[in-house]
Structure formats: C-alpha cells, structure tokens
Amino acid sequence: MNGLKLLSTGRALPRQAFSNDSMRQFVDTSDEWIASRTGINQRYFCGEDESTTSLAIDAARMALERSGMAPDDIGCVLVATSSGEYAMPSTACLVHAALGLPEDIPAMDVGAACAGFLFAMEAARGLLVTSGRRCALIIGAEQMSSVLDMSDRNTCVLFGDGAGAAIFELVPDAEYTSIQGVRGSDAIRVGGPCRAQKMAMDGQAVFRFAVSALPQCVNDLLQKASMTTDDVDWVICHQANVRIIDSSIRRLKMPDEKFYKNLDRYANTSAASIPIVLDEMNEKGLLKPNQRIILVGFGAGLTWAGAMLRI
Ligand code: UT7
C-alpha cells in the first residue's frame with residue numbers, strides 16, 4: 001500500500017507568550033483553574049506582524065530546508081487551518097508563492113479543525129499518486145487568537161497560535177494504516193453570517209467526544225493493522241487538554257511515557273498541534289528510524305482521524 005514516510009519537520013511560534021496569569025487582563029480566571037482543568041501554563045498569540053500565513057511560511061521553509069528536497073520535488077501543498085488570514089486566497093497558495101514551488105501542483109487549505117493535519121495527510125496520499133512528484137508539504141497553521149472571543153473565559157484560555165510543517169514522501173509498499181471519520185455536530189463553531197461570530201463551544205460535549213474518540217482511534221488503527229499497543233513506540237495526539245490525554249492513557253492501559261505532551265507551553269493550537277509535537281520530538285532526537293508512531297487528531301466537526309506509520 002502507498003504510505004507516507006516522514007522526511008523532515010519545522011515549526012514557528014509567535015514571539016510573545018501569554019502566561020495563565022496574564023489571561024486575567026481579558027477574563028475572570030486564574031492560573032490554578034486553567035492549569036488544573038487543562039494542563040495549560042502558557043500560550044503564544046500573534047502580534048501585529050504575525051499571522052497564520054507568516055507562521056505557515058516560516059514552518060514550511062524550515063521543513064523544506066531540512067528535507068534536502070528541492071522545491072521541484074514537492075507534488076502538493078496542503079495547509080490544515082481553521083483560521084486562515086483570508087477566505088481567499090488559501091493559506092496554501094501564499095505558502096506556495098513564498099517558497100517558489102512548481103506551478104503545476106495543487107495547493108489548498110484543508111478545513112477539518114484539530115483533525116485537519118491527519119485529513120491533509122490522507123488527501124496527500126491520493127494527490128501524490130497522480131502527481132509524478134515524490135513529496136507532500138503538509139502544514140498545520142493557526143492564528144486561533146483571530147477567532148477567539150477574548151471576553152469568553154470558557155474558550156479564550158484554551159487556545160494558542162502556532163504552526164508546524166512536515167515533508168512526507170510517498171513510498172510504495174510502506175507500512176501505513178489510516179482511518180478518518182466525522183460525528184456531525186456544531187459543538188465547536190466559528191463564523192456564521194458574514195463570518196462575523198467568534199468561537200462558541202460546548203466544552204463538556206467536546207470533552208465527552210474526545211475521551212472516547214482518542215482511544216477508539218488508537219484501538220481501531222491497531223485492530224486494522226493486527227497489532228497491539230506493545231508494537232507502538234509513540235502516540236502523538238492532538239494537544240487539547242491533558243485530562244483528555246491522561247484519560248485515554250488509562251483506557252488504553254498504555255505507559256504514560258509513550259504519549260508526548262507539550263500543551264502546557266502552547267495550549268491548543270488546533271490543526272498545528274500535531275506537527276508542532278513532531279518537530280519538537282525531532283529536535284530532541286526522540287523520533288528514531290524504524291519507530292512505529294500513531295498520530296491522532298480530533299476536533300470541531302466533530303472530526304477524528306488517525307494514522308500509524310513507520311518513520
Ligand atoms: O480541540 C478540541 C477543542 N476543545 C476542547 O478540547 C474542549 C474539551 N473540553 C474541555 O477541555 C473542558 O470541558 C473545559 C476545559 C472546557 C472545561 O472544563 P470542565 O471541567 O468541563 O469545567 P466546566 O465547563 O464544568 O466549568 C466548571 C466551572 C464553571 O463554573 P460554575 O458554573 O461551576 O460556577 C465555569 O464557569 O468553571 C468555570 N470556568 C472558569 N473559571 C475560571 C470556565 N472557564 C473558566 C476559566 N477560569 N477560564
């Protein structure tokens with residue numbers, strides 16, 4: 001089966017971090033509430049000269065340089081985002097221009113919220129089959145601060161801005177398993193008439209969905225590939241709330257050490273969280289050749305998706 005092989009990663013964060021205490025300038029909250037309910041200690045928000053576009057370009061440039069590939073090796077550019085700077089052009093087209101990628105390739109945004117990076121990986125597998133080029137540039141990039149209601153303490157403390165990027169190569173006969181799905185719901189929404197409304201969320205409904213979807217995704221991937229949790233080196237999941245991850249660890253009866261967590265420093269960066277984790281792990285030398293990793297995303301839609309691959 002055609003599978004994706006991870007070649008390189010990159011990430012970009014805004015310059016300014018906001019501690020939990022600093023969120024008190026916007027809403028009635030506390031470090032104690034945020035840290036104990038979510039595991040978040042700080043998040044980054046874009047300044048005037050930063051955006052989904054600039055973060056996506058910086059992360060993508062880093063991943064492309066590290067891959068050793070030429071722009072002409074890239075067969076598609078997909079940006080998973082729910083907070084693109086423009087309704088059009090897509091963020092992907094702006095990345096395409098900034099990196100000088102070949103004209104005869106598709107570049108588009110993927111709207112699947114926090115599962116967007118995984119949906120984009122699946123789309124890239126299909127696009128690369130007909131492209132004649134080897135690699136996909138896949139980015140998760142979000143300026144969540146542009147869609148947050150900074151007077152709503154139920155949501156504004158939970159999210160952050162950032163971008164992660166990866167270059168994947170399509171490899172015939174690679175070990176690769178993937179699943180995707182949707183439980184249609186507007187439990188998290190942004191937009192409405194004239195795209196005017198900021199985020200609204202039924203936090204507890206989303207929490208209930210997440211604590212079932214994450215472990216189910218891992219189990220379904222393992223069952224599809226006839227493997228067990230012992231065969232897996234890392235589970236890299238969407239970073240929404242440490243209680244969601246810890247509950248899944250208990251349900252799966254897996255060792256805590258196989259789950260990488262960094263939401264304490266970035267909060268929930270939606271589609272960017274998985275590639276940001278990948279890049280941090282790469283930087284620390286935690287991702288080693290031949291390891292088997294599981295990626296799981298879940299979020300607004302309600303969407304869920306997973307992939308298991310050897311790196
Ligand atoms: O990518 C997916 C994106 N979404 C998510 O991951 C969200 C999933 N849901 C969650 O993570 C949790 O449901 C939350 C973190 C959103 C909320 O945690 P909770 O334990 O379900 O709290 P709650 O909604 O039951 O709220 C408890 C209390 C409420 O006060 P009352 O009504 O009990 O007096 C809230 O008003 O906490 C209050 N509260 C806050 N207090 C201080 C809500 N937000 C805050 C806040 N600071 N920021």
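Presented here is a report on the structure given in the accompanying data block. (Residues numbered from 1 in each chain as written. Predicted model: local features only at pLDDT ≥ 70, side-chain atom pairs only at ≥ 80, totals over all residues. Heavy atoms only, no water.)

1. Here's the deal with the overall build of the protein
Counting secondary structure elements, the protein contains 8 helices and 13 strands. Against the compact-globule benchmark of 19 Å for 311 residues, the protein has a radius of gyration of 18 Å, which places it among compact chains. Principal axes of the C-alpha set define a box for the protein whose edges measure 55 × 45 × 35 Å. Here the protein holds 311 residues, and 57% of them are scored as buried. Across the protein, every contact between residues at least 6 apart in sequence was considered, and the portion connecting residues at least 24 apart equals 77%. If you sum the accessible surface of the protein, you get close to 12700 Å²; carbon and sulfur atoms cover 49% of it. (Helix = DSSP H or I, 4+ residues; strand = E, 2+ residues; numbered from the N terminus. Rg over C-alpha atoms; globule rule 2.2 N^0.38 Å. Buried < 20%, exposed > 50% of the residue type's maximum accessible area, 1.4 Å probe, protein only. Contact = heavy atoms within 4.5 Å. Areas by Shrake-Rupley, 256 points an atom, 1.4 Å probe, with all protein chains shown as cover.)

2. Some remarks on the packing of helix H2 (residues 52-67) against helix H3 (residues 91-99)
It is at 9 Å that the axes of H2 and H3 come closest, and there the two elements cross at 50 degrees. In terms of orientation, H2 and H3 fall into the oblique class. The chirality of how H2 crosses H3 is right-handed. Side by side, H2 and H3 meet where Thr-52, Thr-53, Ala-56, Ile-57, Ala-60, Arg-61 and Leu-64 of the first sit next to Thr-91, Leu-94, Val-95, Ala-98 and Leu-99 of the second. Taken together, the residues of the contact of H2 with H3 sort by class into 8 nonpolar, 3 polar and 1 charged. (Axes fitted to C-alpha atoms, helices over the stretch in contact; angles between N-to-C directions. Parallel < 35°, antiparallel > 145°, perpendicular 65-115°, else oblique. Left-handed = near helix turned anticlockwise from the far one by under 90°. Nonpolar A, V, L, I, M, F, W, Y, C, P; charged D, E, K, R; others polar.)

3. What about the pairing of strand S8 (residues 176-182)?
Most of S8 is tucked away: 5 of the 7 residues are buried. Inspection of the sheet shows S8 paired to strand S13 (residues 303-310) by 7 bridges, in the antiparallel sense. Note that in S13 the partner of Gln-180 across the bridge is Ala-305. (Pairing = 2+ DSSP bridges.)

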